[in-house]
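The lines below spell out each chain.
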Amino acid sequence: MNVITGKRILLGITGSLGAYQAATIATKLVELGAIVDVFMTYSAKKLISPLIFQVITERHVYTDEEWWQINQKQFFHEKQYEADLLIIAPASGNTISKIANGISDNILVYTAMSVKCPIILVPDLDLMISDNFAMVENLEKLRSRGIQILMETDSKSKDKIIHVDEIIKFTRLFLSKNGPLQGKKIVVTVGATRESIDPVRVITNRSTGLQGWSIAQAALDAGARTILITTIHNKPVPYGTEVVKVDNAQEMKEAVLKEVIDADVLVMTAEVADFKPLNYSPHKLKKDDDLAMIELVPTDDILWHVAQQKSKSNYPKVTIGFASESQNLLENANIKLASKNLDFIVADHVTNFDENSETIFNRLTILYAGGEVEIIDDVAKSSIGFSIMERIEDLLL
Ligand code: CTP
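What counts as what
- Residues numbered from 1 in each chain as written.
- Predicted model: local features only at pLDDT ≥ 70, side-chain atom pairs only at ≥ 80, totals over all residues.
- Heavy atoms only, no water.
- Helix = DSSP H or I, 4+ residues; strand = E, 2+ residues; numbered from the N terminus.
- Pairing = 2+ DSSP bridges.
- Domains from an automatic or database assignment.
- Contact = heavy atoms within 4.5 Å.
- Buried area = accessible area lost by both parts, 1.4 Å probe.
- Salt bridge = Lys/Arg side-chain N within 4 Å of Asp/Glu carboxyl O.
- Polar contact = N/O pair within 3.5 Å; in protein donor to acceptor, adjacent residues only side chain to side chain.
- Axes fitted to C-alpha atoms, helices over the stretch in contact; angles between N-to-C directions.
- Parallel < 35°, antiparallel > 145°, perpendicular 65-115°, else oblique.
- Left-handed = near helix turned anticlockwise from the far one by under 90°.
- Nonpolar A, V, L, I, M, F, W, Y, C, P; charged D, E, K, R; others polar.

*Asks:* Can you help me understand unusual backbone geometry in this one?
*Replies:* For residues besides glycine, phi is generally negative; the peptide bonds are generally trans as well. With an omega of -5°, the peptide bond between Ala89 and Pro90 qualifies as cis. As for its position among the elements, Pro90 is in strand β4 (residues 85–91). Pro316 follows Tyr315 through a cis peptide bond whose omega is 0°. Its place among the elements puts Pro316 in the loop between α13 (302–313) and β15 (318–325). Even without a glycine there, the phi angle at Glu58 is positive, about 55°. Relative to the helices and strands, Glu58 is located in the loop between α3 (50–57) and β3 (62–63).

Dropping the structure here:
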């Protein structure tokens, strides 16, 4: 389930060399559950066959030939075209000029000028690097009418249009803007903290960050402004998140306390190290000398500090914690729920930790501050975000 599922998307294709990439765009949209109707100009048809799109979308493909044989107004009326979005990708200079100047002489331009839904326009890459005055002016005109223009920022890109993944990610984010949590700020912490012993050694744990990623994506899908405070620096974050990079518990604590000042929700999925070395050694410790006897001190409990701040400011409005327990699950999770002043805690039983697998939780137990206990069975770590977000919506709205 994602924000693209069930959406009616019109995909307009023009006679640009990037036309072949439209097949990948259509495939990805269909895979994500969209109902895709393709509109092709005469020149697009010369570059790629409509049959390809008919097979991908399993729907009729609209072309210029039939367009001239039907009554266009009636067509739109009969089809009751209540599309959620029109994506024109790739958009040739010719089509951009026509839409900008109201020259409605083909099926695609007519569609672009008739639909009530938002429009995302992805110009052909050659146009983007051109500083042709007419083109710059036309794009500006379209922008001022509220059309989203998606441009490649990497000028060295070899693609003919912006990378297809970027188009899909942008579309997903764009469609989520009016979601139930629009206007809300959600802070998600993710990853294992690293407490440095010396320049090469750290104390850490085996958190993969999978749950945090899933929760951040679900928050974005619900339309929330999403801040990701993360110790994972080498993996692309869900598109649209604002990222705060941290390493150790102290940095995470400072970042969290700063971000929750005006946040609606804090979701603390990070696995914070419980101890750190009392002293950091600027030189690599030798195993024969000091390494066997590192003195440890506890790290600050971040959620406890959040609770203290909340008692004065009332923010964040909702606080959620996670607990992985290997024994006495309910008892231990309940203690954390109360001591960290949480609205709910998500507890799971760690039996067999496999850091590389996309683990299925057999059973997740949610304990609420009011005393209720809820069980969710068989949930994949990567889709836990959706389940958690539903419960957050219930608390907030
Ligand atoms: N947590 C925190 N600050 C810490 C340690 C944990 O805010 N220094 C948060 C975690 O992000 C999680 C919740 O507290 O949401 C529970 O974490 P967990 O490691 O299970 O609990 P601890 O309080 O560390 O207790 P223990 O390790 O003894 O189980």
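From this point on, the discussion continues.
*Asks:* Could you clarify how one ought to interpret the sheet that holds strand β1 (residues 8–13) in this entry?
*Replies:* Strand pairing in a sheet relies on backbone hydrogen bonds, with the paired strands running either antiparallel or parallel. In spatial order, the strands read β3-β2-β1-β4-β5-β6; together these six strands make up an open sheet with parallel pairing. Looking along the sheet, the strands with just one partner apiece sit at the ends: β3 and β6 (148–149).

*Asks:* What is the right way to look at the domain arrangement of the protein in this model?
*Replies:* Many descriptions give the size of an interface as the accessible area lost when the pieces come together. Per the domain assignment, the segments making up the protein are domain 1 (8–176) and domain 2 (185–396). Each of domain 1 and domain 2 has a C-alpha centre, and these two points are 41 Å apart. Each side of the interface is counted separately: domain 1 has six residues, and domain 2 has seven residues. Contact between domain 1 and domain 2 buries roughly 590 Å² in total, counting both sides, with carbon and sulfur atoms accounting for 57%. Together, Arg172, Leu173 and Ser176 form the three largest contributors to the area buried by domain 1 at its contact with domain 2, with a combined 69%. There are one salt bridge connecting domain 1 and domain 2. Two residues, Arg172 and Asp221, come together in a salt bridge whose shortest N-O distance is 2.7 Å. Our count for the domain 1 to domain 2 interface comes out at two residue pairs in polar contact (both at pLDDT 80 or more).

*Asks:* I keep staring at the packing of helix α12 (residues 249–259) against α13 and nothing clicks. Help me out?
*Replies:* The description of two packed helices rests on the angle between their axes and on the distance between the axes. Orientation of α12 relative to α13, taken along the N-to-C sense of each, is 25°, at an axis distance of 10 Å. Taken together, the axes of α12 and α13 lie roughly parallel to each other. Where α12 crosses over α13, the two elements pack in a sense that is right-handed. Contact residues: α12 offers Ala249, Met252, Lys253, Val256 and Leu257, while α13 offers Ile302, His305, Val306 and Gln309. Residues of the contact of α12 with α13, tallied by class, amount to six nonpolar, two polar and one charged.

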